[in-house]
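# A closer look at the structure
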Amino acid sequence: MTGVELRQLRYFVAVAEELNFGRAAARLLIAGPSLSQQIKALERDLGVQLFDRDRRSVSLTPAGSALLPHTRDLLERAEDLQRRAGRLSGSEPVRLGYVNWLPPDLTARAAGVAQLHIDAWIAPSHTQAARVADGSLDLAVCWVRTEDLEQRGLHARLIGADRLYAVATGDDTSDVVAQDTVVLLDDDTTSWSSWNIYAELLARDTGARAVQIADGGVTGPAFFDHVRRSGRPVINCPKGQTTPLPPALVRRPIVAPEVYWTWSLVRRESENRPAVLALIDALCNRVGDLGIHTPDAWLPKGDPHRN
């Protein structure tokens, strides 16, 4: 059986349906002698004679008649496999939105799975989740809570996590206990709704001091100004995680507890397109724990990835 090819099985079906090698060869667009040789090779590999043939007629043998329906079924399944593979190989576009973070190997993981379109509109987490719910996006990488998922009919898979750190003046880079830090909440709830919810829960659970601001200083140059004026280290939000620090400011790891922000890959609960589901698996299957379930880790109540 190792020499049997789908091409030969298609030849077998064509001859069985035409019961004439000349007509079958014309239908298959190959030469008659080549078709005859391929059928003989198939019979040799299968170990049975498929056709009784002489100069005037061709008929199926009992073995040929018995194998014909199974061959048709096998070819149908092979064609279905090719169609599915075609959908997964990038023929179906998938629209992905994000806030500010994407896996560094996103393109490599998506290759051969779906035709990935990364949306140019970078928006806050709650906005991106709403766009998935209304169909503007197929997927989004954002921060969500369990109640958001339930209200909007969404489903989330863990795709990444940031361990947040504090920024302080001076040169002390030692650990800082969470209750000795400051966390900023901005009056602009349109831009900072998700962060404000997270920060309020963080302050409540850890004893960090919540400070209300109105200048967009959760990140950017205004954030560093708040650090310089503060008597405590200030927790950096996820949008500022990779921003280089100005001179005279340092990072300090937060402990007791270690503070984590999770990134979810969000889809609609009703999503059933193979390319979308395959892309989710490709992006999330080997993500692992990312440290969020260690004894010292903190996630807010309602985080869908909290134990």
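## Focus on the side chain of Ser264
Of note, Ser264 is situated in strand 13 (residues 258–268). Judged by its relative accessible area of 0%, Ser264 falls in the buried class. Once residues within four sequence positions are removed from consideration, Ser264 is found in contact with Ala140, Val141, Cys142, Val144, Ala156, Arg157, Ile159, Pro304 and His305.

## Examining the packing of aromatic side chains
Within this structure, the stated rule accounts for 11 aromatic pairs. Between the aromatic rings of Trp261 and Trp263, the centroid separation amounts to 5.9 Å while the plane-to-plane angle is 65°, which identifies the pairing as edge-to-face. Take Trp261 and Trp263: they sit in the same class, and that class is buried. Through a chain of ring-to-ring contacts, the aromatic side chains of Trp101, Trp143, Trp195, Tyr198, Trp261, Trp263 and Trp298 assemble into a single cluster. Positioned over the ring face of Trp192 is Lys239, at 5.0 Å from the centre of the ring.

## Thoughts on empty space enclosed by the protein
Counting across every chain of the model gives one cavity of 30 Å³ or more. The computed volume of the largest cavity comes to approximately 120 Å³. Val99, Trp192, Trp195, Lys239 and Trp261 are the residues nearest the centre of the largest cavity, which is lined by 13 residues in total. Put simply, the parts of the chain that give the lining of the largest cavity at least two residues each are helix 8 (189–206) and strand 13. When residues in the lining of the largest cavity are grouped by element, the largest group, four residues, is from helix 8.

## Considerations on helix 6 (residues 125–134)
Inspection of helix 6 places Ser125, Gln128, Ala129, Arg131 and Val132 among the buried residues, and these make up the whole buried set. Angular distribution of buried residues about the axis of helix 6 spans 155°; they occupy a single face of the element. Each element contacted by the buried residues of helix 6 is listed here: strand 3 (93–98), strand 5 (139–142), helix 7 (146–152), strand 6 (154–163), helix 8 and strand 13.

## Considering the pattern of salt bridges
Going through the model one piece at a time under the given rule, you end up with 21 salt bridges. Linked by salt bridges that have partners in common, Glu17, Glu18, Arg23, Arg27 and Arg72 make up one network.

## Some words on the packing of helix 2 (residues 21–28) against helix 3 (residues 32–46)
Working note: a packed helix pair is described by the angle between its axes plus the distance between those axes. Contact geometry of helix 2 with helix 3 gives a least axis separation of 9 Å together with a crossing angle of 100°. In terms of orientation, helix 2 lies roughly perpendicular with respect to helix 3. Only Gly32, Leu35, Ser36 and Ile39 of helix 3 make contact with helix 2, whose side of the interface consists of Phe21, Ala24, Ala25 and Leu28. Residue composition of the contact of helix 2 with helix 3, by class: six nonpolar, two polar and no charged.

Rules and cut-offs
Residues numbered from 1 in each chain as written. Predicted model: local features only at pLDDT ≥ 70, side-chain atom pairs only at ≥ 80, totals over all residues. Heavy atoms only, no water. Helix = DSSP H or I, 4+ residues; strand = E, 2+ residues; numbered from the N terminus. Buried < 20%, exposed > 50% of the residue type's maximum accessible area, 1.4 Å probe, protein only. Contact = heavy atoms within 4.5 Å. Phe/Tyr/Trp six-rings, centres within 6.5 Å; stacked < 30°, edge-to-face > 60°. Lys NZ or Arg CZ within 6 Å of the ring centre and 35° of its normal. 1 Å grid on protein atoms, 1.4 Å probe; cavity = no way out; pocket = protein on both sides within 12 Å on 5 of 7 lines; lining within 4 Å. Points joined across faces, edges and corners; volume = space filled by probe spheres on them. Arc of directions from axis to C-beta. Salt bridge = Lys/Arg side-chain N within 4 Å of Asp/Glu carboxyl O. Axes fitted to C-alpha atoms, helices over the stretch in contact; angles between N-to-C directions. Parallel < 35°, antiparallel > 145°, perpendicular 65-115°, else oblique. Nonpolar A, V, L, I, M, F, W, Y, C, P; charged D, E, K, R; others polar.

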